[in-house]
Amino acid sequence: MAVIRDVIPAFELFQPTSVDDALSLQSRYGAKAWVLAGGLDSFDWFKDRIKRPEVVIDLSQVRELRGVRTAGDGLEIGAMTTLTEVVRHPVVREKFSILPVAAESAASPQIRNQGTIGGNVSQDARCWYYRGGWPCYRAGGNICYADTPTGLNREHAILDADRCVAVNPSDTAPALIALDAKMVLRTPKGEKVVDAENYFIGPSIDITKMTILKPGDLLTSIRIPGTWAGAQFYFEKVRDRNVWDFPLVNVASAITMSGNTIQRIRIAVNGVAAHPVRLTAVEAAVAGKQRSEETADMAGQLAIQGAEPLQYNGFKVPLLRNLVKRAIRGAAV
Amino acid sequence: MNLIQWATSPWGEQVPSHISWTLLYVSAIAGVLFLIVHAIYVAATGKSAAAHAEISSAAPAVNNAQIPERVARHSFGARAFHGIMALSMLALLFTAFLPKVGVQFAWVKWHWIAGVVLTISVIYHIIHASFVLDFWSIWPDAMDVEDAKRRMNLAMGKPSPEPRKFAKYPLENKLYHLIVMLAGLAAIGTGLFMMKRVQTPFFTRNPYLFGDMTWGWMYVLHGLAGVGFVALVTVHIYFAIRPEKLFITKSMIFGWITRDQYLEHHDPNRWPAVAESKKASF
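The rules we used
- Residues numbered from 1 in each chain as written.
- Chains lettered and ligands numbered in written order.
- Predicted model: local features only at pLDDT ≥ 70, side-chain atom pairs only at ≥ 80, totals over all residues.
- Helix = DSSP H or I, 4+ residues; strand = E, 2+ residues; numbered from the N terminus.
- Expected span 1.5 Å × (residues − 1).
- Buried ≥ 20, exposed ≤ 12 C-beta atoms within 10 Å, placed from the backbone.
- Contact = placed C-beta atoms within 7 Å.
- Pairing = 2+ DSSP bridges.
- Axes fitted to C-alpha atoms, helices over the stretch in contact; angles between N-to-C directions.

Asks: Would you mind going over helix α6 (residues 171-194) of chain B with me for this structure?
Replies: Residues that lie three or four places apart on an α-helix share one face, since the helix turns once every 3.6 residues. All names here are of chain B. Over its 24 residues, α6 extends 34 Å from the first C-alpha to the last, a length consistent with the 34 Å expected when each residue adds 1.5 Å. Within α6 the residues assigned to the buried category are Gly184, Ala187, Thr190, Gly191 and Met194. Looking at the buried side of α6, the elements it contacts are α4 (108-131) and α7 (212-241).

Asks: Teacher, can you tell me more about the pairing of strand β1 (residues 4-8) of chain B here?
Replies: Looking along a regular strand, one sees side chains alternate from face to face of the sheet. Residue and element names in this part refer to chain B. The pairing of β1 with strand β2 (residues 14-19) spans five bridges and is classified as antiparallel. Within β2, the residue paired with Thr8 across the bridge is Gln14. What sits between β1 and β2 in their antiparallel hairpin is a turn of five residues, with Gly12 showing a positive phi close to 80°.

Asks: I would appreciate a short explanation of the sheet that holds strand β2 (residues 33-36) of chain A in the present structure.
Replies: Whenever strands of a sheet pair, they do so through backbone hydrogen bonds, lying parallel or antiparallel. Residues and elements named next belong to chain A. Strand order in the open sheet formed by three strands is β1-β3-β2, and the pairing between neighbours is parallel. Only two strands of the sheet have a single partner each, and these edge strands are β1 (12-14) and β2. Averaged over all neighbouring strand pairs, the angle between strand axes comes to 25°, with direction disregarded. Judged from the four bridges that link them, β2 and strand β3 (residues 55-58) form a sheet pairing that is parallel. Bridge pairing in β3 links Ala33 to Val55.

Asks: I would appreciate a short explanation of the environment of Trp34 of chain A in the present structure.
Replies: Residues and elements named next belong to chain A. Residue placement: Trp34 occurs in strand β2. Note: C-alpha distance between Trp34 and Arg131 (97 residues apart in sequence) is 17 Å. Setting aside its immediate chain neighbours within four residues, Trp34 contacts Ser42, Lys51, Pro53, Val55 and Val56.

Here it is as structure tokens:
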């Protein structure tokens, strides 16, 4: 049980200076290796003595994983770029302003100085039963302690739950999905590029993981195409403490308009399922429609279709509906 | 290696969680090893052909003219059950174990659907076998045990009367059916309860039907039956495609065996022949 927040159990530390070296180490140690980015997620696990990796591969010295580079009409952001660097980057702010807003809503300034965008999208679930070391489904067991009549599930899933009801806590993930970003992975078989929405997986696919990353895989960068540069963006995050908290629900949208008509739209939410949810039904329904209260209402209703609240998180249903409505109504970020 | 994975419940109790998934590989390797060893043994000793020659000589005299050209072996109902059961079993194994070897997909829904198909087919089979087929034909009897002893003695070079020909099913088939029945009932029984833990149209979800300990052992039993089937199905497919057993496999598709096959392998006194055309469809 998670009672000791003290000395981290011993592990062998590697600090490679190149992606190739990091991959070589991952290949050598396989599932025994833990890849460390900013450490904000990892050190909680270690200090609670719940995760006890034999080997830690610290990516902080891999320079090629840092920084924002121009790539065609878009950008490529190294996975080890800190959230603060993303927030402050002038081109990101100019072309893809939704991303700095989302990144700035994550955690506290100190954490954003240390936390990376790769870590933010790859972080583990924050369900306290799971983080507390209980032998739940996500931890490889056969039960979900949050999904009980008396379980503390106020922050948990209302969509796509499958045995486990934990949610994905990333703030940048829905923004990246709205921007049609691509995740660039290095795997033992070579480079692999996947759409941001496909980077995340729910419990129905693998109940113990939140992303498609397997032992030996490394997220190296995030490519943002120019497709949505300068679009009308909307990001909103609702949390218990505005100063510093994980999202109860967040929403991110990118819209291009033709007059008052919604021409193209991508919209995603997080905090409602174990993976960020792209609302494709909403996108299909509102494209070509006038941006109006009626359209926003319809979008809100569509967004909550299939929602199944637990004992204590029924509030997330109207919250999701209203956030989607607000995203459609829009107020450019 | 721990055969069972244990966990500490929130109440400090050590409870089983599930089997060690290493057992999946153990079972797969055991199945493959069995078939390799068997194939080498048969090839090296020619035991299979010799066994037929030996038992043929022990067959009682019958009037061959009374034996139909095509002897009915499996009714349409039995063959349909076997096909559906086999497909659902393969679907269950693939949906259960492909994710364990790294092929990721949303497997739970397909797994319980295949489980429901298997359950319905097995219920049908139990009723069909009890009231339509010869229920006892698949159960080992005293004669099977005695003949097994005779074969064992002869194989070890000891003096023994020659074994008789088989009834409808050889002893191996009967024993295989017995093991599959036990593993199948264990998997189905535990699987039906496990369906209470996931979203299905049949039940209101209730993961708290049992305590952690009971659920844990249920997962263990389900897992053991599941990995056991990996070896069982491997061995079954191997025997189904062995040249000397192909006539049995064909009979499971077409429903009949030839007069010659019948006379070569079966004892008409223990399994009276019925013409294929006269056999009821179900």
